[in-house]
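Reading the structure
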Amino acid sequence: MNDYQVIIGMEVHAELKTNSKMFCGCKNDPFHAEKPNIYTCPVCLGLPGALPVANKRAIEWTIKLGLALGCKINIFSKFDRKHYFYPDLPKGYQISQYDLPFCYDGKIETSLGPVGITRVHLEEDTGKLQHETINGKKVSLIDFNRSSVPLIEIVTEPEIYSSAQAKEYAKKLRQIIRYLDISDCDMEKGGMRLEANISLRKSKIQNPNDKQNPKSKEELPNYKVELKNINSFRFLERGIEYEIKRQMEILEAGKVPDQETRGFNSEKGRTYTQRSKENAADYRYFPDPDLPPIRFDNKWLDNIRSSVPELLDSVFARWEKDHKVDRKLTKLLFETTTEAKWLDNLFSEATKAKLDIVKLVNQLVNRKIKTVFDKDSLYQILNDFKKSVTVDEITDEELKVSINKVLSVNQKAVTDFKSGKTNIMNFLIGMVMREAKKKIEFQRLKVLIEKSIPK
Ligand SMILES: [Zn+2]
């Protein structure tokens with residue numbers, strides 16, 4: 001194991017949540033459609049003679065993501081046809097981008113080192129195949145509601161060196177995309193799909209992120225295995241771990257793993273062959289003659305640039321500095337820019353009212369209900385918080401009288417607590433407050449009750 005180093009490059013697809021599809025006016029809402037094939041037209045069904053028109057907003061959003069990832073933008077760009085034959089692709093080709101993606105050369109920081117973004121490009125999704133048995137006959141059904149939904153692809157350099165880093169990268173990318181509010185990235189439904197290209201090399205470099213030891217393309221292994229269509233971060237991690245073991249055994253036996261596409265079976269916990277890998281030449285890429293090339297206007301690009309919000313790392317750092325709140329907690333509170341702005345307002349109102357923001361954040365994180373990010377709920381939360389932190393004056397001695405009374409009439413709860421059912425503490429706290437007819441700080445009361453329970 002120590003003799004090998006894993007090298008991973010990732011490709012992530014996410015469906016943009018524009019109102020209409022990528023090249024036609026059909027509604028883009030495949031997950032909520034009442035039935036199959038209701039959002040279709042000659043363009044997204046690939047009927048002869050139908051002409052595509054590119055969705056401007058989808059292009060803007062792709063560039064917005066590229067800028068948020070620190071990418072450069074190709075001022076001159078175009079769409080290309082990528083040919084392959086599969087029933088979910090009615091035209092026989094997918095409109096994608098080949099040599100001139102909208103964005104290139106960006107970066108995402110992970111705790112295990114930076115990951116270079118090779119490119120971010122825009123393409124169209126395919127229809128969805130459904131394999132079923134009808135009247136005892138096995139059939140494949142096809143739903144074109146998803147056909148030609150705008151799809152972004154984010155490709156990294158082969159600069160990921162562990163399953164943990166792959167997982168962190170993918171999570172961070174998803175967080176950024178959701179924060180920009182351009183995709184829901186619903187992984188369960190297939191709105192975001194992960195792929196990892198995995199290979200092993202005999203390890204020469206001790207620390208792959210060591211700047212003194214730059215990696216070169218020559219050092220890449222002469223094969224790679226593509227692990228495709230992964231729909232959870234955990235499966236990604238497990239799939240990569242399985243591949244490392246599998247490839248190592250092949251290499252140890254003096255052979256080279258096949259260049260192929262594999263899937264991950266989550267029940268068996270292992271990967272399996274799907275098909276041998278095509279290379280770019282098999283796709284016969286060429287510029288789509290129905291879509292004119294695009295030259296971006298600098299003013300238009302500047303507009304997009306100015307619409308890129310303050311980035312996540314900067315938001316977290318600012319809150320840590322201004323409000324002393326841990327980013328591990330604030331991370332749990334929001335997903336989109338709108339929600340981040342809402343929290344900014346909440347914190348500034350709380351500061352004005354001289355409330356303890358660390359406590360407020362803790363309380364928000366512990367709430368089981370999902371926050372509604374509107375003005376009413378902002379003031380509701382502040383009021384509730386004010387009430388919850390106002391406590392009545394009461395001495396420990398007075399409290400102990402109430403505690404002992406509650407403990408003596410709730411022997412069963414006490415026994416349960418001692419046997420490990422610690423949740424029962426909340427019940428006891430409530431009973432003591434009722435008995436004392438006072439509002440008492442939760443943590444203080446918890447400590448006092450614990451002390452009063454005989455060992
Ligand atoms: Zn259509």
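Quick note: structure is the one above.
Residues numbered from 1 in each chain as written. Predicted model: local features only at pLDDT ≥ 70, side-chain atom pairs only at ≥ 80, totals over all residues. Heavy atoms only, no water.

**A closer look at the overall build of the protein chain**
Counting its regular elements, the protein chain contains 13 helices and 16 strands. Seen along its three principal axes, the alpha-carbon backbone of the protein chain occupies a region of about 85 × 65 × 55 Å. Only carbon and sulfur atoms are counted for the fraction: they give 51% of the accessible area of the protein chain, which is about 24700 Å². Of the side-chain charges in the protein chain, 76 are positive and 65 negative, and the distance between the mean point of each set is 3 Å. (Helix = DSSP H or I, 4+ residues; strand = E, 2+ residues; numbered from the N terminus. Areas by Shrake-Rupley, 256 points an atom, 1.4 Å probe, with all protein chains shown as cover. Lys, Arg positive; Asp, Glu negative; His and termini not counted. Charge placed at Lys NZ, Arg CZ, Asp CG, Glu CD.)

**Considerations on the sheet that holds strand β4 (residues 80–83)**
Two modes of strand pairing occur in sheets, parallel and antiparallel, and in both the strands are linked by backbone hydrogen bonds. What the three strands build is an open sheet, ordered β5-β4-β15; its pairing is antiparallel. Each edge of the open sheet is held by one strand with a lone partner, namely β5 (93–96) and β15 (286–287). Pairing between β4 and β5: four bridges, direction antiparallel. By the bridge assignment for β5, His83 is matched with Tyr93. (Pairing = 2+ DSSP bridges.)

**Quick word on the nonpolar core**
The biggest cluster of nonpolar side chains holds 93 residues, and the ones touching the most others in it are Met10, Ile63 and Tyr169. The residues contacting Tyr169, other than those within four sequence positions of it, are Met10, Val12, Ile108, Thr110, Val115, Ile117, Ile154, Thr156 and Ile160. Counting residues in hydrophobic clusters, the runner-up holds 18 residues, among them Val406, Leu407, Ala413 and Phe417. (Core = buried A, V, L, I, M, F, W, Y, C linked by side-chain atoms within 4.5 Å. Buried < 20%, exposed > 50% of the residue type's maximum accessible area, 1.4 Å probe, protein only. Contact = heavy atoms within 4.5 Å.)

**Some words on the sheet that holds strand β6 (residues 103–110)**
Here nine strands make up an open sheet; going across it, the order is β2-β6-β7-β10-β1-β11-β12-β13-β14 and the pairing mixed. Pairing within the sheet leaves two strands with one partner each, and these edge strands are β2 (72–73) and β14 (270–276). Packing of helix α3 (residues 233–252) onto the sheet brings it into contact with β1 (4–15), β11 (192–202), β12 (225–230), β13 (260–265) and β14, and relative to β11 it is tilted by some 25°. (Axes fitted to C-alpha atoms, helices over the stretch in contact; angles between N-to-C directions.)

**Concerning the coordination of the zinc ion**
Coordination of the zinc ion by the protein comes from Cys24 (SG), Cys26 (SG), Cys41 (SG) and Cys44 (SG), over a distance range of 2.3 to 2.4 Å. In this structure, the zinc ion is coordinated by four donor atoms arranged in tetrahedral fashion, with angles at the metal of 101 to 117°. Read N to C, the donor residues that coordinate the zinc ion are spaced as C-x1-C-x14-C-x2-C. Of this pair, Cys24 sits in the loop between β1 and α1 (56–68) while Cys41 sits in the loop between β1 and α1; the two residues are 17 residues apart in sequence, bridging distant segments of the chain. The burial state of Cys24 is the same as that of Cys41; both residues are buried. (Donors = N, O, S within 2.8 Å, 3.2 Å for Na, K, Ca; no water. Tetrahedral: all angles 85-135°; square planar, octahedral: opposite > 155°, others 65-115°.)

**Digging into the pattern of salt bridges**
Throughout the structure, instances matching the rule amount to 32 salt bridges. Between Arg193 and Asp125 there is a salt bridge, with its nearest N and O atoms 3.0 Å apart. Placement of Arg193 in strand β11 and of Asp125 in the loop between β7 (113–124) and β8 (128–134) is noted, with a sequence separation of 68 residues between them. Note that Glu335 is salt-bridged to Arg178, the shortest N-O span being 2.9 Å. Within this pair, whereas Glu335 is found in the loop between α6 (327–330) and α7 (337–352), its partner Arg178 is found in helix α2 (residues 163–179), the two being separated by 157 residues in sequence. (Salt bridge = Lys/Arg side-chain N within 4 Å of Asp/Glu carboxyl O.)

**As for the packing of aromatic side chains**
Under the defined criterion, the tally for this structure stands at 13 aromatic pairs. Here the aromatic rings of Trp319 and Phe334 are separated by 5.6 Å at their centres, their planes lie at 75°, and the arrangement is edge-to-face. In this pair, Trp319 sits in helix α5 (residues 312–323) while Phe334 sits in the loop between α6 and α7, placing the two residues 15 residues apart along the sequence. Judged by relative accessible area, which is 7%, Phe334 ranks as buried. An angle of 80° between the planes, with centres 5.1 Å apart, marks the rings of Trp342 and Phe373 as edge-to-face. Here Trp342 is found in helix α7, whereas its partner Phe373 is found in the loop between α8 (357–366) and α9 (375–389), with 31 residues between them in sequence. Accessibility expressed as a relative area gives 22% for Phe373, which makes it partly exposed. In this structure an aromatic cluster arises from ring pairing among Phe23, Phe79, Phe102, Phe296 and Trp300. Here the guanidinium or amino end of Lys82 rests over the ring plane of Tyr283, the centre of that ring lying 4.5 Å away. (Phe/Tyr/Trp six-rings, centres within 6.5 Å; stacked < 30°, edge-to-face > 60°. Lys NZ or Arg CZ within 6 Å of the ring centre and 35° of its normal.)

**Some details on helix α4 (residues 298–307)**
Of the residues making up α4, those classed as buried are Trp300, Leu301 and Ile304. Taken around the axis of α4, the buried residues stretch over an arc of 100°, which confines them to a single face. Exposed residues on α4 whose side chains face more than 90 degrees from its buried face are Asn298, Lys299, Asn303 and Ser306. On its buried side, α4 packs onto α1 and β2. (Arc of directions from axis to C-beta.)

**Quick notes on the environment of Lys375**
Mapped onto the elements, Lys375 comes out in helix α9. Spatially, the C-alpha atom of Lys375 lies 28 Å from that of Arg57, the residues being 318 residues apart in sequence.

**Quick notes on the environment of Leu364**
Within the fold, Leu364 resides in helix α8. Judged by relative accessible area, which is 7%, Leu364 ranks as buried. The sequence separation of Leu364 and Ile152 amounts to 212 residues, and the corresponding C-alpha distance is 33 Å. For Leu364, the residues in contact, after removing those within four places along its chain, are Leu333, Leu343, Leu346 and Ile381.

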